[in-house]
Protein chains: 2
Amino acid sequence: MKGINMIQLAKELGLSVSTVSKALGDSHEISASTKKRVNELAKKYNYKPNPFASNLRKKKGKQIAIIIPDIVNNFFALAVDGIEHVTMAKNYDTFIYLTHESLEREKALLEHLENGLISGLIISVSSGREGYGHFQEFYENTKLPMVFFDRVPDLLQFPKVISNNYESTFDATARLIKAGCKRPIFFSTQEPLFTNMERIRGFQAALSSAGLLFSEDMIVKCSYDMDQNYSALRKIFLSKKRPDGVFASIEKFAISLYQVCKDLEVNIPRDVKVIGMNNLRTAALLSPSLSTVSQPSFNMGKEAATLLLKMIEKKTYAAANDIIVLKNELTIRESLHA
Amino acid sequence: MKGINMIQLAKELGLSVSTVSKALGDSHEISASTKKRVNELAKKYNYKPNPFASNLRKKKGKQIAIIIPDIVNNFFALAVDGIEHVTMAKNYDTFIYLTHESLEREKALLEHLENGLISGLIISVSSGREGYGHFQEFYENTKLPMVFFDRVPDLLQFPKVISNNYESTFDATARLIKAGCKRPIFFSTQEPLFTNMERIRGFQAALSSAGLLFSEDMIVKCSYDMDQNYSALRKIFLSKKRPDGVFASIEKFAISLYQVCKDLEVNIPRDVKVIGMNNLRTAALLSPSLSTVSQPSFNMGKEAATLLLKMIEKKTYAAANDIIVLKNELTIRESLHA
DNA sequence: TGCAATTACGAAAACGTTATAGCGGAAAAC
DNA sequence: GTTTTCCGCTATAACGTTTTCGTAATTGCA
């Protein structure tokens, strides 16, 4: 029974299309008995309203989009899981788009999505602080609800879901120092992301509150290319001023670090103490087990999606430049203390 | 300039809507000069054709869907990455749906997608061999192109992208035996998936070709609940007939195994040798480093998407119950030899 | 020069919904 | 007993495209 539509349903029921439409929409204008008749026949024929026709007419649909830099990263995978958890429950269809850290791709995507395909947008940005114009422009052009999570454009007024990066990095760095580090370094992203800046702030604050001096070369900017990271780290650990502590703000970089240390026979934690910020399920099984600050990724996704759907359905929710802050979790393992 | 449409464009150009539509579609009926005029004005107003109207009229769109059991699993994340790589390039929008290993969810999803939202489907099934009816039914009802990858319904005639599970499991098992294992066990999925059965076949064949006896209790069915796996494995490793080798056919299970061995102080590889089938980026960094059979996940996704888009666009591609087989890669690390 | 073929466009009918306005008839109100 | 209200339903016009068919003007061909 391919492609049965409302018109055929109406004909068979001896009703008008409008009545059928309203019946299926559970309108109060329609009597219970006809509603029943309509729904039964619809079920019998396995009738499914055509979403294109419906969206076209209503100028609104139940489709949203996720834009993230990367999916091969436990943090984002978990976040997507969280998002899907709520969109699924509310019968929304979810597009996924990956930017692979490319600002160009991100811009192109947003421009594409101005066609009206979606009714809302969940984003984790790939661009630095200077490159936020396209988000604002997208919003001006579409007025669509948007929620940012984790990597948020701090300078723009949009609802955001983040975690307490400043505090947790402060705490983690303090632990490194307490464990004896005099010269910890910080693995940073290339782009000047807000998330990353907050972490750097936490790092610096912890240093200064312990009476240690911060210097620019403590911030190591990592590339998105694993090989390049490997050689950069190798160079650092072969240099004279070898660091004795590392806060690795990104999943990939912790992995590269472990490889370098293994190859150079730099002992963790004796020679260098490490805390990584990530959601690796294998953190506890690494050699040595990796101390981590892990983000509540699943819940961040969940919160972001819940907020977005609220905005779309405008139940009670009005303006929206809320910022929801969830807590990261610090887990100390062997990479800090032998 | 929110929501400019063809009608307004046509009006401003002094042309009819049909001419504008054809011009934008680069129809041969339209002169080069008017095409140019139309395109320029369209660009000026940042005009984007409404996909709902267009899809409704054409009864076809540029949206496809991915249905997978899980995204928090490097294999699937990489596959999605591969899929997105090609859909992106061809300007398709990609929905993502997660079944979380639930046959019910899978069925509900397929039923939902009968509404015509998508033009094609890429699937990795969550159901066992007996539960394939819904795929067939979906196809009958929609006639939509579908491509399966990795976890494929072997009994149905659909195009598939898989990896050489039989051979690579055979080889891996042979290596376990060669390293001295007399009583290796196999960590299997709950559901009787084809993928898994192929691996078991390879396992058995390797045993028998080495003159070892296979017994049913060598197959350990694992749950999707990590805690449950932990206790099950614990029990096995506390029993008298402790295995001396493991082939872990699923990512999660290798992780549980490492935890159990760590806690019980069972030494890998001295007491038990391990090869895991997964795409963990941290495999080399585990303690001891984990020998793996890794699947070409990214490429599997890429191939599946390429095939699907070919089918959708029916360029030269006609029927399609192709099976594309890619090769897994065996990497031996410390978990096999100290 | 005469006729067919081609070129470049327009009118109008789809595609399958939803929303607005309206309309009989019955119940309620005066 | 007339007017008003409400109930349950229908007719019809959108929503923004694409496509089919038609047509006037131009070109090609003999």
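We now turn to the structure provided with this report. (Residues numbered from 1 in each chain as written. Chains lettered and ligands numbered in written order. Predicted model: local features only at pLDDT ≥ 70, side-chain atom pairs only at ≥ 80, totals over all residues. Heavy atoms only, no water.)

**Observations concerning the sheet that holds strand β9 (residues 273-277) of chain B**
All names here are of chain B. With mixed pairing, the 6 strands of this open sheet are ordered in space as β7-β6-β8-β9-β10-β12. If you trace the sheet from one side to the other, it starts and ends with β7 (219-221) and β12 (329-331), each paired once. Within this sheet the neighbouring strands show an average axis-to-axis angle of 20°, counted without direction. Here 3 bridges tie β9 to strand β10 (residues 291-294), and the two strands are oriented parallel to one another. In the sheet register, Gly-276 faces β10, and the bridge partner there is Thr-292. Here helix α8 (residues 165-178) sits on the sheet in contact with β6 (184-188), β8 (245-248), β9, β10 and β12, set at roughly 165° to β9. Along the sheet, helix α11 (residues 251-264) contacts β6, β8 and β9; its crossing angle with β6, the most-contacted strand, is approximately 130°. (Pairing = 2+ DSSP bridges. Helix = DSSP H or I, 4+ residues; strand = E, 2+ residues; numbered from the N terminus. Axes fitted to C-alpha atoms, helices over the stretch in contact; angles between N-to-C directions. Contact = heavy atoms within 4.5 Å.)

**With respect to the relation of the copies chain B and chain A**
Mapping chain B onto chain A calls for a rotation angle of 180° and an axial translation of 0.0 Å; the resulting RMSD is 0.1 Å. What the superposition gives is, in effect, a two-fold axis relating one chain to the other. Take the interface residues of chain B: 100% of them recur as interface residues in chain A, which is what a same-surface contact looks like. (Least-squares fit on C-alpha atoms with pLDDT ≥ 70 in both.)

**Description of the sheet that holds strand β8 (residues 245-248) of chain A**
All names here are of chain A. Here 6 strands make up an open sheet; going across it, the order is β7-β6-β8-β9-β10-β12 and the pairing mixed. This sheet does not close on itself; its edge strands, each paired only once, are β7 (219-221) and β12 (329-331). Averaged over all pairs of adjacent strands, the angle between strand axes in this sheet comes to 20°, irrespective of strand direction.

**So, the interface of chain B and chain A**
Listed as interface residues are 54 residues of chain B and, on the opposing side, 54 residues of chain A. Between chain B and chain A, the buried area comes to about 5200 Å², and carbon and sulfur atoms account for 61% of it. A per-residue breakdown of the area chain B buries against chain A is headed by Phe-52, Arg-281 and Leu-285 of chain B, which together make up 16% of the total. Remark: the boundary between chain B and chain A carries 4 salt bridges. For Glu-251 of chain B, the salt bridge is made with Arg-281 of chain A, and the minimal N-O distance between the two is 2.8 Å. Counting across the interface, chain B meets chain A through 19 residue pairs in polar contact (both at pLDDT 80 or more). For the side of chain B that touches chain A, the secondary-structure elements that each account for two or more residues are α4 (51-58), α5 (74-89), β2 (93-98), α6 (103-113), α7 (133-142) and α11 of chain B. When residues in the side of chain B that touches chain A are grouped by element, the largest group, 7 residues, is from α5 of chain B. For the side of chain B that touches chain A, the per-class residue count stands at 22 nonpolar, 18 polar and 14 charged. (Buried area = accessible area lost by both parts, 1.4 Å probe. Salt bridge = Lys/Arg side-chain N within 4 Å of Asp/Glu carboxyl O. Polar contact = N/O pair within 3.5 Å; in protein donor to acceptor, adjacent residues only side chain to side chain. Nonpolar A, V, L, I, M, F, W, Y, C, P; charged D, E, K, R; others polar.)

**Digging into the protein's contact with DNA strand C**
In the neighbourhood of DNA strand C, 26 residues make up the surrounding shell, with Ser-21 and Arg-57 of chain A together with Thr-19, Lys-22 and Glu-29 of chain B lying closest. Restricting the count to atoms of DNA strand C within 4 Å of the protein gives a sugar and phosphate share of 58%. Between DNA strand C and the protein, one listed contact pairs a base nitrogen with a backbone N or O atom of Ala-53 of chain A at 3.4 Å. In this structure, Ser-18 of chain B approaches DNA strand C through a side-chain N or O atom, which is 3.2 Å from a base nitrogen. Elements with a contribution of two residues or more to the surface near DNA strand C: α2 (17-24) and α4 (51-58) of chain A together with α2 (17-24) and α4 of chain B. Here the element with the most residues in the surface near DNA strand C is α4 of chain A; it accounts for 4 residues. A per-class count over the surface near DNA strand C returns 7 nonpolar, 11 polar and 8 charged. (Near = heavy atom within 4 Å.)

**Some remarks on α4 of chain A**
Regarding α4 of chain A, the residues found buried are Pro-51, Phe-52 and Asn-55 of chain A. Buried residues in α4 of chain A, looked at end-on, bunch into an arc of 95°, giving them a common side. Tucked inside the fold, the buried residues of α4 of chain A contact β1 (63-68) of chain A together with α4 and β1 (63-68) of chain B. Measuring from the side-chain oxygen of the N-cap residue of α4 of chain A to the backbone nitrogen of Phe-52 of chain A gives 2.7 Å; that N-cap residue is Asn-50 of chain A. (Buried < 20%, exposed > 50% of the residue type's maximum accessible area, 1.4 Å probe, protein only. Arc of directions from axis to C-beta.)

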